[in-house]
Amino acid sequence: MTEKNPLVEGLAIPERTRRLLIISKRDAPAARAGAPAGSNRGPAPRRARSPPCSRWARSWRSGARERQAKTAGGPRQAQRSSADGPVVRYGQALVSKRSVQPEARGTRVIEVAGGPRLVVPRGRLTAVDGPSAGHTIAVEAAPVVVGAGDDVDFTLADPAVSARHLEIAATPLGFRLRDLGSTNGTFVDGRRTGEVWLDEATEIRAGETRLSFTLEEGARELPLSRAMNFGDLLGHSPPMRAAFAILEGAARSDATVLVLGDSGTGKELAARAIHERSPRRDGPFVILDCGAASPTLLEAQLFGHARGAFTGATEAREGLFEAAHGGTLVLDEIGELPLDLQPKLLRALEGRTVCRLGEPRPRHIDVRYIACTHRLLEAEVRAGRFRQDLYFRLSVVTVRLPPLRERKEEIPRLVSHFLGKLAPGAPIDLPRSMLDLLASHTWPGNVRELRNVVERFLTLPGVPAASLLGTSSGAPGGAELGGLPIPVGEPFHEAKRTWTERFEQAYLEHLLARAQGNVSEAARLAGLSRQSCYRLMQKHGLRVE
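A short tour of the structure in this document, coming up. Bear in mind that the values here come from a model prediction, so they are computed numbers and not experimental data. The residue numbering used here restarts from 1 in each chain and proceeds along that chain's sequence as written. Confidence filtering applies because this is a predicted model: local features only for residues at pLDDT of at least 70, side-chain atom pairs given and counted only at 80 or more, and all residues used for totals across whole chains, interfaces and linings. Excluding hydrogens and water, the side-chain values take into account all heavy atoms of the structure.

**Focus: the sheet that holds strand E12 (residues 195-197)**
Here is step 1 of the chain: Read from one edge of the open sheet, 5 strands run E7-E6-E8-E9-E12, paired in mixed fashion. Edge positions in the sheet fall to strand E7 (154-155) and E12, since each of these pairs with one other strand and no more. Strands are treated as partners if at least two bridges between them are detected by DSSP. To qualify as a helix, a DSSP run of H or I must reach at least 4 residues; to qualify as a strand, a run of E must reach at least 2; elements of each kind are numbered from the N terminus.

Pasting the structure below:
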């Protein structure tokens, strides 16, 4: 029976790589203690042609010298150790685990007396030099996006840094850095990279700024819900269960809730489920879309108006605040609220009274507020587009719904759920090739996009699986470049990242087909190193049979 490694459980990692990770984890204690290896060790790893960074290269050369010094009948411990500790092969990369235990490097779920907990290691990113030298940010449960734009978590005042340059996220295998299609690239320990696992102390360069990532002592424990859904929100991954735990607590109270998440993650479903589980469940549930409402009419929609308050106001009308009395008012896309209306909203939230336009008499309201947005409101505050006092008033309880790309293990369950809703009673299953394609997609539209793909699959049987993803050129707001759909309906940087990832995947698929599955030949044709080619294949879920 194959030994299990908690670092790789539940992840879509090739079986050969999974076995190597298990071997390396089993050998780590013996290698640290200097004990000889057991007979059940696997074969020695082959020498890598281009180790991913100078530190790992030194470790590999040190281990190679030790192997050459051993006799043929000597112990094989040196094949699995180095000057910096055990060496783990992950894909085509040799990674020194160094002094930090694997359990401290990645997220993991533990059981305690109070229920399950998600343990998240603590990392810290610091700008060492450059225009933003001295700035620092903690990297924990939520991914941290670094760039020169206003809508990022860590802003660098460096003209050579892209608006959304790179992202660092905690995963079960440790902290992962991912370049977001930056213009000048991301360099880790002197080497340009697209995606890499970070060591306990790693030097990163973005533009003219040198960053230092360090793994800190201790970890953060987040309570997890035992439920696999919250209302109509489905999720069994640790990030979703952590969000469910917050939502369950918020539903029992009357506190204002701020729901953060990308478009299509289910923010409105979360707001409705909070209302339905709250003491106000029998009251009205009212939604205001701050992004869709006309700026000139938004104030009248919110507060109502008296007869004759403005041209066309032929009769008095109550606003959404009054309509939600005794229930819940959802301020959807609160980040789009005009700046001149924000003080009036804050006054209504604080005083629990509203005045209709053209009417001096205040009216008392009893309303529970839930605000939703896809924007980073802290960044909007720094940019001067959102009032800080309003942000503090709204973020009494804050919950982030993770995007689908961070929980792809949930795709099969979500697909089954949508098939059951869209084609009830029909025994329909997606082919394995289709599921593999869904797992390799980046899902800029998140769960909403996945539902559309499933519905398209049911509506257009026989259409090639690859054609079901993306925006067709004939759709409104769609365009194509070189046969690849351009998501012109998305913000520029999101669209750029989406199209770049589609191009990378299509390019690799055609290249591997041309090379008849020979990765070395495909890398030569592309002008890439074999390791770079393997990293791109791993990123897009491509495997050579």
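**Considering the pairing of strand E21 (residues 328-332)**
Here is step 1 of the chain: For the exposure calls, accessible area comes from a 1.4 Å probe over protein chains only, and a residue counts as buried if that area is under 20% of its type's maximum, exposed if over 50%, partly exposed in between. Along E21, 5 of the 5 residues are buried, which leaves the element largely enclosed by surrounding structure.
Here is step 2 of the chain: Burial along E21 is two-sided: Thr328, Val330 and Asp332 facing one way and Leu329 and Leu331 facing the other are all buried.
Here is step 3 of the chain: With 5 bridges joining them, strand E18 (residues 285-289) and E21 adopt parallel strand pairing. Note that in E21 the partner of Asp289 across the bridge is Asp332.

**Considerations on helix H15 (residues 519-526)**
Here is step 1 of the chain: Buried within H15 are the following residues: Val519, Ala522 and Ala523. Angularly, the buried residues of H15 cover 100 degrees about the axis, an arc narrow enough to put them on a single face.
Here is step 2 of the chain: Pairing of N or O atoms within 3.5 Å defines a polar contact, subject to two protein rules: one partner must be a possible hydrogen donor and the other a possible acceptor, and residues neighboring in sequence count only if both atoms are side-chain atoms. Residue Asn518 occupies the N-cap position of H15, its side-chain oxygen lying 3.0 Å from the main-chain nitrogen of Ser520.
Here is step 3 of the chain: Downstream of H15 by a residue or two, Gly527 has a phi angle that is positive, lying close to 75 degrees. What the arc describes is the spread of directions from the helix axis to the C-beta atoms.

**Things to note about the nonpolar core**
Here is step 1 of the chain: By size, the foremost hydrophobic cluster in this structure holds 31 residues, and its most contacted members are Phe321, Leu329, Leu331, Ile334, Leu345 and Phe386.
Here is step 2 of the chain: Every element with two or more residues in this core is listed here: E18, helix H6 (295-303), helix H7 (320-323), E21, helix H8 (342-351), strand E24 (368-373), helix H9 (377-382) and helix H10 (388-394).
Here is step 3 of the chain: Here this core gets 4 residues from one element, more than from any other, and that element is H8.
Here is step 4 of the chain: The nonpolar core is taken to be a set of buried Ala, Val, Leu, Ile, Met, Phe, Trp, Tyr and Cys residues, with the residues joined through side-chain atoms within 4.5 Å. Ranked by size, the runner-up nonpolar core spans 27 residues in total, among them Val139, Val144, Val146 and Leu177.

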